[in-house]
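Report on the structure
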Amino acid sequence: MKRVLTIQDISCLGKCSITVALPVISAMGVETTILPTAVLSTHTMFKNFTVKDLTDQLMPIVEHWKNENVTFDAIYTGYLGSAEEIDIARRVFEMFGSKDTMVFIDPVMADNGKMYPAFDESYAALNAKLCGCADVIVPNITEACFMTGTEYRESYDESYITGLLDKLRTLGAKTTVLTGVSLSAGKTGVMGYDGARGEYFTYQNDRVDASYHGTGDIFSSVCVGALLRGMELREAMKLAADYTAETIRVTLQNPAKPWYGVDFETTLPLLTDAVRNLN
């Protein structure tokens with residue numbers, strides 16, 4: 001069984017970060033080890049949430065693993081809350097990385113043209129350097145703009161997206177994928193540059209007219225699980241995009257009208273079916 005380490009926070013209630021990554025990747029048949037950077041009572045869309053920073057625990061934890069000769073087939077980073085945590089992630093890559101270890105980075109820091117409140121442009125620059133250590137990066141358009149110094153646009157064409165991808169490639173990641181890309185009316189999905197093949201690729205599915213917290217974490221987690229189960233890059237991205245969209249559709253049908261996260265628990269059988277016949 002493959003083993004992945006994911007480095008991000010725990011929101012005890014809210015269906016995002018580790019509380020998504022752990023069940024989703026595990027359901028895909030991949031052992032999932034966690035390195036929690038902080039514990040939050042809820043995700044940040046709630047009011048008056050509590051936070052316990054765990055930065056001082058990260059290196060003791062990974063040093064213990066190193067002494068126990070623990071190895072990982074992949075390292076997957078999500079929300080990193082500070083410059084110090086970015087530096088620790090880089091050190092973890094150095095401690096546990098090898099030519100066979102996939103480094104997958106979701107540089108969570110911005111959306112809809114704006115940086116999240118806790119971050120600034122210097123943080124984006126540090127994330128850009130971290131992305132240079134990766135095999136695969138999956139920023140959204142806003143994050144890509146901040147990391148490359150590109151003007152953000154609400155409306156764009158394919159040449160704008162390929163230009164962003166070209167700029168992201170200069171950061172050093174082997175494969176770059178932009179999420180939340182809409183290339184025609186009523187469609188959304190991904191566009192990326194496959195470093196192994198040296199070519200662009202695109203996948204678009206029907207846009208679901210709803211927005212929920214944590215769907216980016218679901219997308220990234222499915223990608224990681226699929227790649228570790230042996231799926232080719234484009235098939236992994238397609239599975240992740242379709243699964244995320246279907247989960248949003250199912251959530252919209254819930255009469256309880258959940259607002260703080262999607263009902264991914266209901267759709268997990270789709271993932272187990274998708275990977276059942278893989279290697």
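Here, the structure is the one placed above.
Calculation rules
Residues numbered from 1 in each chain as written. Predicted model: local features only at pLDDT ≥ 70, side-chain atom pairs only at ≥ 80, totals over all residues. Heavy atoms only, no water. Helix = DSSP H or I, 4+ residues; strand = E, 2+ residues; numbered from the N terminus. Rg over C-alpha atoms; globule rule 2.2 N^0.38 Å. Buried < 20%, exposed > 50% of the residue type's maximum accessible area, 1.4 Å probe, protein only. Contact = heavy atoms within 4.5 Å. Pairing = 2+ DSSP bridges. Axes fitted to C-alpha atoms, helices over the stretch in contact; angles between N-to-C directions. Patch = residues over 30% accessible without salt bridge, like charges linked within 9 Å, V, L, I, M, F, W, Y side chains within 5 Å. Areas by Shrake-Rupley, 256 points an atom, 1.4 Å probe, with all protein chains shown as cover. Salt bridge = Lys/Arg side-chain N within 4 Å of Asp/Glu carboxyl O. Lys, Arg positive; Asp, Glu negative; His and termini not counted. Charge placed at Lys NZ, Arg CZ, Asp CG, Glu CD. Polar contact = N/O pair within 3.5 Å; in protein donor to acceptor, adjacent residues only side chain to side chain. Disulfide = S-S within 2.5 Å. Core = buried A, V, L, I, M, F, W, Y, C linked by side-chain atoms within 4.5 Å.

Quick look at the overall build of the chain
Secondary structure assignment for the chain yields 9 helices and 11 strands. The globule rule puts the C-alpha radius of gyration for 279 residues at 19 Å, and the 18 Å found for the chain is close to it. For the chain, the C-alpha atoms occupy an extent of roughly 55 × 45 × 45 Å along the three principal directions. Looking at the chain residue by residue over its 279 residues, the buried ones come to 52%. If you take every contact in the chain between residues at least 6 apart in sequence, the share linking residues at least 24 apart comes to 66%.

Observations concerning the sheet that holds strand 2 (residues 31–42)
Pairing is mixed across the open sheet formed by 9 strands, whose spatial order is 3-2-1-4-5-8-9-10-11. The sheet is open, and its two edges are formed by strand 3 (51–53) and strand 11 (199–206), each paired on a single side. On top of the sheet, helix 3 (residues 83–96) reaches strand 1 (3–13), strand 2, strand 3, strand 4 (74–77) and strand 5 (102–105); it is set at about 175° to strand 4, its chief contact. Packed onto the sheet, helix 7 (residues 215–228) meets strand 1, strand 4, strand 5, strand 9 (175–181) and strand 10 (187–194) and runs at close to 165° relative to strand 5.

Some details on a negative patch on the surface
A surface patch of like charges, here negative, comprises Asp53, Asp56, Glu84, Asp87 and Glu94. Among the elements that line the negative patch, the one with the most residues is helix 3, at 3 residues. Counting through the fold element by element, Asp53 comes out in strand 3. Given the relative accessible area of 43%, Asp53 is considered partly exposed.

What to know about the side chain of Ser11
Tracing the chain through its elements places Ser11 in strand 1. Polar contacts involving the side chain of Ser11 include one to the side chain of Asp9, which spans 3.3 Å. In this structure, Ser11 is in contact with Cys16, Thr19, Leu40, Thr42 and His43, ignoring residues within four places of it in sequence.

Observations regarding the state of the cysteines
If you walk through the whole model with that rule in mind, you get 0 disulfides. Take Cys12: it sits in no disulfide, and the sulfur closest to it among the cysteines is that of Cys16, at 10 Å. Relative accessible area serves as the criterion here: at 52%, Cys12 is assigned to the exposed category. Left without a disulfide partner, Cys131 is nearest to the cysteine sulfur of Cys133, which lies 8.7 Å away. Judged by its relative accessible area of 0%, Cys131 falls in the buried class.

Section: the nonpolar core
One finds Leu5, Leu35, Val92, Ile105, Met109, Ile161 and Leu178 to be the most contacted residues of the largest nonpolar core, which totals 42 residues. For this core, the secondary-structure elements that each account for two or more residues are strand 1, helix 2 (55–67), helix 3, strand 5, helix 4 (121–131), helix 5 (141–148), helix 6 (158–169) and strand 9. Considering each element in turn, this core owes the most residues, 6 residues, to helix 3. If you look at the next biggest cluster of nonpolar residues, it comprises 41 residues, including Val24, Val138, Leu228 and Leu271.

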